[in-house]
Amino acid sequence: MTWLDDIRWDENGLVPVIAQEASTGDVLMFAWMNRDALALTAERGEAVYWSRSRRKLWHKGEESGHMQKVHEIRLDCDNDVILLKITQLGHEPGIACHTGRHSCFFSRLENGEWKPVDPVLKNPDSIYK
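Here's what I pulled together on the structure shown here. A quick note: this is a predicted structure, and the numbers were derived from the prediction, not measured.

## Remarks on the pattern of salt bridges
The full count for this structure, using the stated rule, is five salt bridges. Asp5 is the salt-bridge partner of Arg35, the closest N and O atoms lying 3.1 Å from each other. Placement of the pair is Arg35 in helix 2 (residues 35-44) and Asp5 in helix 1 (residues 2-5), with a sequence separation of 30 residues. Take Arg35: its relative accessible area is 33%, and that puts it in the partly exposed class. Across the pair Arg74 and Glu72 runs a salt bridge whose closest N-O atoms are separated by 2.7 Å. According to the relative accessible area criterion, Arg74 is partly exposed, its value standing at 41%.

Laid out in structure tokens, this is it:
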């Protein structure tokens, strides 16, 4: 897979990944991939990430059921950031964040404080067992 060799992996063998909803353009989350995760993502057509905290591959939605169907995999001009154009599955509207929100970017800076501005769509306690 020579296309994997074109990527500028960091010193830990990782590349940052942005997941963007294909239909709306909403940025849903940021994560990391290693070579195996990116190869599996391309092969399966579903997002597979590298969990730095758990130190293992993480098939998005493996616990929550909130899978990400991948439509496109793009590489930035410096070959060091991946953009996934995805459809967030498992709930309508899609839930990408472990907090039960549509996007992980739900806090906005207002008057020097971070304020959550997007609603919780589903209680995380009911998502994760």
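Moving on, there is more to tell.
## As for the sheet that holds strand 6 (residues 82-88)
Read across the open sheet, the four strands follow the order 2-1-6-5; overall the sheet is mixed. Since the sheet does not close on itself, it has two edges, and those belong to strand 2 (27-33) and strand 5 (68-75), each with one partner. Each adjacent strand pair in this sheet contributes to an overall mean axis angle of 25 degrees, direction not counted. Two strands pair when backbone bridges link them, and strand 5 and strand 6 are joined in this way by seven bridges, in the antiparallel orientation.

## A short note on the nonpolar core
Val17, Met33, Tyr49, Ile82 and Leu84 are the most contacted members of the largest nonpolar core, which has 21 residues in total. The set of elements that each furnish at least two residues to this core consists of strand 1 (15-21), strand 2, helix 2, strand 3 (48-51) and strand 6. No other element matches strand 2, which puts four residues into this core. In this structure, Leu84 is in contact with Val17, Ile18, Ala19, Gln20, Met33, Thr41, Ala47, Tyr49, Val70, Glu72 and Ile73, ignoring residues within four places of it in sequence.

## Some remarks on the layout of surface pockets
Considered as a void within the structure, the largest pocket measures approximately 360 Å³ in volume. Forming the boundary of the largest pocket are 16 residues, of which Trp58, Lys60, Ala96, His98 and Tyr128 lie nearest the centre. Residue assignment for the lining of the largest pocket shows that the elements contributing at least two residues are strand 2 and strand 4 (56-59). With three residues, the single largest contributor to the lining of the largest pocket is strand 2. Among the residues forming the lining of the largest pocket, the class breakdown is eight nonpolar, four polar and four charged.

Rules behind the numbers
Residues numbered from 1 in each chain as written. Predicted model: local features only at pLDDT ≥ 70, side-chain atom pairs only at ≥ 80, totals over all residues. Heavy atoms only, no water. Salt bridge = Lys/Arg side-chain N within 4 Å of Asp/Glu carboxyl O. Helix = DSSP H or I, 4+ residues; strand = E, 2+ residues; numbered from the N terminus. Buried < 20%, exposed > 50% of the residue type's maximum accessible area, 1.4 Å probe, protein only. Pairing = 2+ DSSP bridges. Axes fitted to C-alpha atoms, helices over the stretch in contact; angles between N-to-C directions. Core = buried A, V, L, I, M, F, W, Y, C linked by side-chain atoms within 4.5 Å. Contact = heavy atoms within 4.5 Å. 1 Å grid on protein atoms, 1.4 Å probe; cavity = no way out; pocket = protein on both sides within 12 Å on 5 of 7 lines; lining within 4 Å. Points joined across faces, edges and corners; volume = space filled by probe spheres on them. Nonpolar A, V, L, I, M, F, W, Y, C, P; charged D, E, K, R; others polar.

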